[in-house]
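Close look at the chain arrangement
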Number of protein chains: 4
Amino acid sequence: MTDFNIIRVARTVLNVKDLDRSRKFYVDALGFIETERTDEAIYLRGLEEHTHHSLVLKKSEQYSVHALGYKVASNEDLDRLQALFQSKGLKTKWMEEGTQHALGRALLVHDISGMPLEFFCKMDAAERMLQRYDLYKGARIQRIDHVNCSVPDVEKAYSFFVNELGFACSEYTATDQDRIWAAWLHRKQTVHDQAFMNGEGPCLHHIGFWLPDPMAIIHCCDVLASLGYAASIERGPGRHGLSNAFFLYLRDPDGYRIELYSGDYLTSDPDFKPIRWDLNDPRRQTFWGTKAPDSWFNETAPFLDIETGDPVGTAPPTLEQKKPEFII
Amino acid sequence: MTDFNIIRVARTVLNVKDLDRSRKFYVDALGFIETERTDEAIYLRGLEEHTHHSLVLKKSEQYSVHALGYKVASNEDLDRLQALFQSKGLKTKWMEEGTQHALGRALLVHDISGMPLEFFCKMDAAERMLQRYDLYKGARIQRIDHVNCSVPDVEKAYSFFVNELGFACSEYTATDQDRIWAAWLHRKQTVHDQAFMNGEGPCLHHIGFWLPDPMAIIHCCDVLASLGYAASIERGPGRHGLSNAFFLYLRDPDGYRIELYSGDYLTSDPDFKPIRWDLNDPRRQTFWGTKAPDSWFNETAPFLDIETGDPVGTAPPTLEQKKPEFII
Amino acid sequence: MTDFNIIRVARTVLNVKDLDRSRKFYVDALGFIETERTDEAIYLRGLEEHTHHSLVLKKSEQYSVHALGYKVASNEDLDRLQALFQSKGLKTKWMEEGTQHALGRALLVHDISGMPLEFFCKMDAAERMLQRYDLYKGARIQRIDHVNCSVPDVEKAYSFFVNELGFACSEYTATDQDRIWAAWLHRKQTVHDQAFMNGEGPCLHHIGFWLPDPMAIIHCCDVLASLGYAASIERGPGRHGLSNAFFLYLRDPDGYRIELYSGDYLTSDPDFKPIRWDLNDPRRQTFWGTKAPDSWFNETAPFLDIETGDPVGTAPPTLEQKKPEFII
Amino acid sequence: MTDFNIIRVARTVLNVKDLDRSRKFYVDALGFIETERTDEAIYLRGLEEHTHHSLVLKKSEQYSVHALGYKVASNEDLDRLQALFQSKGLKTKWMEEGTQHALGRALLVHDISGMPLEFFCKMDAAERMLQRYDLYKGARIQRIDHVNCSVPDVEKAYSFFVNELGFACSEYTATDQDRIWAAWLHRKQTVHDQAFMNGEGPCLHHIGFWLPDPMAIIHCCDVLASLGYAASIERGPGRHGLSNAFFLYLRDPDGYRIELYSGDYLTSDPDFKPIRWDLNDPRRQTFWGTKAPDSWFNETAPFLDIETGDPVGTAPPTLEQKKPEFII
């Protein structure tokens, strides 16, 4: 048992080259609500979110991702988290309230894989638009759901998140040698807040946003094509075997991968037994057997160091098999 | 066999008091495409329509409906139709091309029930927006589908439309005495272009517009409520027993009844046997057994005489039973 | 902070007169999975449930409801719950493992309103059918979602559940005098596990089951009508203002009210501010303004005493207003 | 103007090796209604069809397709069609009523491309299951929609169908040299009854069946995967640019290609201008830009000669370009 309470993944911050270009994609095509825009950044939220933002697009020439933001229950949880990370010899850094727009005091750290994380318990409130159906458009983005990262050693990352941070595992992928190749870990009662997959890393593979139903994804494909974004569709739509969600993977104008995600299941029960999938099961990724393209396996985005602001160094994956056999 | 070819119901023209107020309802909430707006009128079309309009809203203080517009295959069909109406001693009147905005030469008549009809074969073209999914909103109105009128003598109207105008009957409602209480008649290959029901008339009961799927109706209810139009929802959503369509009935700001309609079936086959429904079958109107409100049976809109421009006189219904028994 | 961890509402047990008649309704029409059937009872679960059942139908001539079943995290939680209930002078009773089919040790109690509750941490496992799409039918019931009870003093029930049992409030209804008329309380991260509304009680108003999307509800209406169950539809389908869920209320063959429920929102955040609705807001119950029928306000089911097995006595509601003004 | 009236494509007859294997696919997975089964054949229809069948599966070792069946308005139309085919020097053959199960008198012919066609005006009636929602499953197949054939000379086939048989063109694909590479032709008021594409032929490319909405296709994918048919999914689901329909292509157990198809548009108007698509427009086939697999371009099924029962000889395509450039 941990002595702190991490609630859920709560925000991501991406560097983008052209704010106008990104705004067209995220607001006009995908249907994010724009909370605020400055010369430096755009702050976006989903229709059911009651907080200032879950996605920040920062103007920058450098393709990279800031620390992944997790919400905790209380201010004290932040101090206890710092104690944990320091006890493991991991870097930590405070950002006092007011340093980051709309955000309270935040603890920045690097985790066991070198991945930058941020913890906070307070964000400015924003009007919830869930019943402003007149504003629904594109994918009808409802809320942030999860982040998925490639790391060199999934078992190490798994162990740290489950044993030290108090995450639970809903589903995982194993190799023929019974090594964990990928894992879906959650704090909130959905399939995941954080997934890890075997690969060069730590890198961000994608951010997942939750939609109300599969038709929102179909409509989003139609809207994207109407607006000239057909080439942004990388994979799907389809049904995941793992998680059972209906999904679509997009590449935004800078190349970041966004997953539109709908319809997993409740993971409230402590006695829920994690579901095991064989890496080579063709129904694992897409239940209907469709293969993911090479780019989906090979392309990720680099993280930034919480202290230097430089890209975090990466290492090659521990497990040899890089893709399911039927893809190779 | 007729010697002319009526294609389908193609437009309706409604008098409305306040063009701005109507525009908010039809364009902002229901999602019609506005082709053109003048000081006198708004011209609206659905997403798949390749013609200038299917609905005209004319500024006027007088709550009433102009002649129902039917498209025919050729100019010659108009002359042959005139011959038919004249041979029956019914009023006819020509409106030459250019008289009505965006419309070719039109023949106006009164039918056997005194109901004003308009026939034309030519309308200005407009860009089809079917694949402009970025413009989809509200109910995603696709095209005009049908008109439904209350008339004093349904059997007389039925006989005129089927025997003289060449319509086919898809479904009908019969009383216990086996009299036709209502009928669904079509030229295009859907359940109807024109329906008649027993009532004071001739009056317009409603205009039906076709939507791509039931979820467009659910979303429209949500949008209407978000925009403060909840009171405009008169009946539904529900599944019709008769026609099998998923439906919603609305009252527009002037009180005209609009049906959103989706999912009937193909009526291409000449050997299709009209489906009989008993007036008192609770699944006839709403397959789920839900009762229609009194207003749905009692309130209609008056027509205008093609010559005088005054309201067309009405007569009480021939058949005594005014509603299904379980409603009374 | 409580010293126990209630996970979620997990099962309900209803007395029914005719098991075959009930089976047709719940399995053939609604699409529940039948885990097991004996001469005395039918055990049902939803498609995503990994436990033996969430609904038990017990053969009995007596129209009444057994203790509402809540799952807790551990066996120790049961002892701590007993301590709490005893400290309040409330009745408690143990049912040892094996006493109830497929269930571990259970603590039965009466709560502050006299309502019978049952707590347990263990139930036999069952195969999860979430990806057996070939078995989906009717309403595609996914899992139990909530119970709703009428009680004479909602504020007292609210206070007990929030302050003593550790529930959080997501939304509530207030009268003009700012008294709590109804409340939606949750342990799992959805809008509710337990709702209370002002009325004669304690009585069961309805049990809610979660479905994957609104179309499952539409299809269920169609299936119900096809199978002759149209009269079982009491209210809806529609969108709730409160909770934002898409809903349908049914009356089962014995008269118990079942809600099909889909699409509320995540309630993970401790800083989520409960949403206040005015009792007389026409969008509160049905966002589209549709009125609930009288039966929905007036008819409920009695509970059974955990010791005597007799019906629990009821008291009239504390707050005078029994319905929204626009209904009266 | 023709002196006969072809109504629509109405049935196809496929040879299959194993009736039980085919039944599992078409009835259990896709949801066809089985009208009748003999030792030699299975007769299938969709939920809205009021006729005995639209698909016949005949037991045979020979992978091949019988004459494509078109319904005409009257018995006289058959004689007039014979006159036309004979005047063109094309083979014709009568099958008197009773020769083919459930079918009236039929005229068999080879068309200008050598493709076998069958015309009839009478088929036994069958109960329409449109409102038997309790029987809906899998893809909820509603009715036969179209056939698509590859022919060596699309312009010749186009000209014969449009000028001699009275079909209308809704959409077509042209090469950079403005040659017709593919064409969508209809008699009933949908996008097509008959499509032609440039290829070795005459061969059957696929049969299309109409479904009520896109979710029926998504659910069908899920059901197929649940039942072990994931490998049967060849292409999609997706949105067609051409026709705007939502689609899925399957390969049945013998290898025949079946399209599930939903949501094109009304083609009632004689002044509708055929829509031109450039062969190399990436949105033409799949509006979202997804590429079709090679098998979709290369694999078809042979036809049988109406007289000899042997496979019809084929010829290579006239136009050199075999696929869109971005596929090659």
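If you're wondering where the values come from, they're calculated on a predicted model, not measured in any experiment.

Analysis parameters
Residues numbered from 1 in each chain as written. Chains lettered and ligands numbered in written order. Predicted model: local features only at pLDDT ≥ 70, side-chain atom pairs only at ≥ 80, totals over all residues. Heavy atoms only, no water. Salt bridge = Lys/Arg side-chain N within 4 Å of Asp/Glu carboxyl O. Helix = DSSP H or I, 4+ residues; strand = E, 2+ residues; numbered from the N terminus. Expected span 1.5 Å × (residues − 1). Buried < 20%, exposed > 50% of the residue type's maximum accessible area, 1.4 Å probe, protein only. Polar contact = N/O pair within 3.5 Å; in protein donor to acceptor, adjacent residues only side chain to side chain. UniProt positions renumbered as here; feature names shortened; annotations may be inferred. Contact = heavy atoms within 4.5 Å. Least-squares fit on C-alpha atoms with pLDDT ≥ 70 in both. Buried area = accessible area lost by both parts, 1.4 Å probe. Pairing = 2+ DSSP bridges. Axes fitted to C-alpha atoms, helices over the stretch in contact; angles between N-to-C directions.

Another aspect to go through is the pattern of salt bridges. Residues and elements named next belong to chain C. This structure, assessed with the given rule, holds 96 salt bridges over all chains. Glu307 is the partner of Lys91 in a salt bridge, and the nearest nitrogen-oxygen pair spans 3.9 Å. Note that Lys91 is positioned in the loop between helix 2 (75-87) and strand 6 (92-95) and Glu307 in the segment after strand 18 (301-302), a separation of 216 residues in sequence. Between Glu234 and Arg257 there is a salt bridge whose closest N-O contact spans 2.7 Å. With Glu234 in strand 14 (residues 233-239) and Arg257 in strand 16 (residues 257-262), this residue pair connects regions lying 23 residues apart in the sequence.

Residue and element names in this part refer to chain A. Spanning 13 residues, helix 4 (residues 214-226) covers 19 Å between terminal C-alpha atoms, matching the ideal 18 Å at 1.5 Å per step. Counting buried positions along helix 4 yields 13 of 13 residues, so the element is predominantly enclosed. The backbone nitrogen of Met215 lies 3.0 Å from a side-chain oxygen of the residue at the head of helix 4, namely Asp213. Where helix 4 ends, the next residue or the one after it, Gly228, has phi of about 85°, a positive value.

Before going further, it helps to examine the UniProt feature "domain: VOC" (unreviewed entry) in chain A. Residue and element names in this part refer to chain A. Look at the UniProt record and you will see "domain: VOC" (unreviewed entry) annotated at residues 8-122 and 143-263. Counting secondary structure, residues 8-122 comes out at 21% helix and 37% strand; the distance between its end C-alpha atoms is 13 Å. Each end of residues 143-263 is marked by a C-alpha atom, and these two atoms are 13 Å apart; helix forms 20% of the span and strand 45%.

All names here are of chain C. Structurally, Ser150 is set in strand 9 (residues 143-151). The buried category is assigned to Ser150, whose relative accessible area is 4%. Within polar-contact distance, the side chain of Ser150 engages the backbone oxygen of Glu200 at 2.8 Å. Ser150 has contacts with Met197, Gly199, Glu200, Gly201, Pro202, Cys203, His205 and Thr300, leaving out every residue within four places of it along the chain.

Once that is clear, we can look at the relation of the copies chain D and chain A. One copy of the chain maps onto the other through a rotation about an axis plus a displacement along that axis. In screw terms, the move from chain D to chain A is a rotation of 180° and a rise of 0.0 Å along the axis, fitting with an RMSD of 0.0 Å. Here the two chains are linked by the operation of a two-fold rotation axis. Comparing interface residues between copies, 100% of those in chain D also lie at the interface in chain A; the contact surface is shared.

Contacts between the two partners involve 30 residues from chain C and, on the opposite side, 30 residues from chain A. For the pair chain C and chain A, the summed buried surface comes to about 2,700 Å²; carbon and sulfur atoms form 51% of the total. Our count for the contact surface shared by chain C and chain A stands at six salt bridges. For the salt bridge of A:Asp269 with C:Lys71, the shortest nitrogen-to-oxygen distance reads 2.9 Å. Applying the counting criterion to the chain C and chain A interface returns 23 residue pairs in polar contact (both at pLDDT 80 or more).

All names here are of chain B. Within strand 10 (residues 168-174), five of the seven residues are buried, which leaves the element mostly enclosed by the surrounding structure. Strand direction decides the pairing type here: strand 10 and strand 11 (residues 180-186), joined by six bridges, are antiparallel. Residue Ala168 lies in a different strand from strand 11, and its bridge partner there is His186. In this structure, the hairpin formed by strand 10 and strand 11 is closed by a connection of five residues, where Asp178 is found at a positive phi of approximately 65°. One ladder, built from four bridges, connects strand 10 with strand 17 (residues 275-278); its direction is parallel. Paired with Ala174 across the two strands is Asp278, which belongs to strand 17.

Let us now look at the sheet that holds strand 1 (residues 6-16) of chain C. The strands making up a sheet associate through backbone hydrogen bonding, with each pair oriented either parallel or antiparallel. Residue and element names in this part refer to chain C. With respect to topology, eight strands assemble into an open sheet ordered 2-3-4-1-5-8-7-6, the strand pairing being mixed. Among the strands making up the open sheet, the edge pair consists of strand 2 (33-37) and strand 6. Taking the axes of each pair of neighbouring strands and ignoring which way they run, one obtains an average angle of 25° across the sheet. Pairing between strand 6 and strand 7 (residues 106-110): four bridges, direction antiparallel. For Thr92, the partnering residue across the bridge sits in strand 7 and is Val109. This element, helix 2, spans strand 1, strand 5 (68-72), strand 6, strand 7 and strand 8 (116-120) of the sheet and lies at about 155° to strand 6.

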